[in-house]
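Observations on the three-dimensional arrangement
This is what each chain is made of:
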Amino acid sequence: MEKITFTPQEGGAVEFYILEQTMIGGVNYLLVTDSEEGDGEALILCDTSDSEDLEAVYEIVDDDETLNAVAAVFEKIMEDIHIIQ
């Protein structure tokens, strides 16, 4: 499983494992978890970077309507998961 490191604006570093990636309406979304095996905390991240940015900028999806829609897509892609909000 691919592991990525995020650096929040507040500083420090947070590592996540990428479970899946999808593009909806031209926007890239990542389903990530904090645990390589077993049940872990999962987040859906949205790529908010501009085309000229040197690094990708991701934000946690927290809008209920968007979160529900993207979670449904990830559940269809990955038949063996159920996302609880």
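Residues numbered from 1 in each chain as written. Predicted model: local features only at pLDDT ≥ 70, side-chain atom pairs only at ≥ 80, totals over all residues. Heavy atoms only, no water.

Description of the sheet that holds strand 3 (residues 27-33)
Within the open sheet, the 5 strands sit side by side as 1-2-3-4-5. Their pairing is antiparallel. At either end of the open sheet lies a strand with only one pairing partner, and these are strand 1 (3-6) and strand 5 (58-60). Neighbouring strand axes in the sheet, compared pairwise and without regard to direction, differ in orientation by 45 degrees on average. In terms of strand pairing, strand 2 (residues 14-24) meets strand 3 through 7 bridges, oriented antiparallel. By the bridge assignment, Ile18 is partnered in strand 3 with Val32. Seen against the sheet, helix 1 (residues 64-77) touches strand 2, strand 3 and strand 4 (42-47) and runs at an angle of roughly 90 degrees to strand 2. (Pairing = 2+ DSSP bridges. Helix = DSSP H or I, 4+ residues; strand = E, 2+ residues; numbered from the N terminus. Axes fitted to C-alpha atoms, helices over the stretch in contact; angles between N-to-C directions. Contact = heavy atoms within 4.5 Å.)

Remarks on the packing of aromatic side chains
Under the defined criterion, the tally for this structure stands at 2 aromatic pairs. With 5.9 Å between their ring centres and 90 degrees between their planes, Phe6 and Tyr58 make a pair best called edge-to-face. Residue Phe6 is found in strand 1, and its partner Tyr58 is found in strand 5; the two are separated by 52 residues along the sequence. Given the relative accessible area of 17%, Phe6 is considered buried. An aromatic cluster of at least three residues, connected via ring pairs, comprises Phe6, Phe16 and Tyr58. (Phe/Tyr/Trp six-rings, centres within 6.5 Å; stacked < 30°, edge-to-face > 60°. Buried < 20%, exposed > 50% of the residue type's maximum accessible area, 1.4 Å probe, protein only.)

Here we look at the pattern of salt bridges
For the structure on display, the rule yields 1 salt bridge. The partner of Glu15 in a salt bridge is Lys3, and the shortest N-O contact between them spans 3.0 Å. Within this pair, whereas Glu15 is found in strand 2, its partner Lys3 is found in strand 1, the two being separated by 12 residues in sequence. (Salt bridge = Lys/Arg side-chain N within 4 Å of Asp/Glu carboxyl O.)

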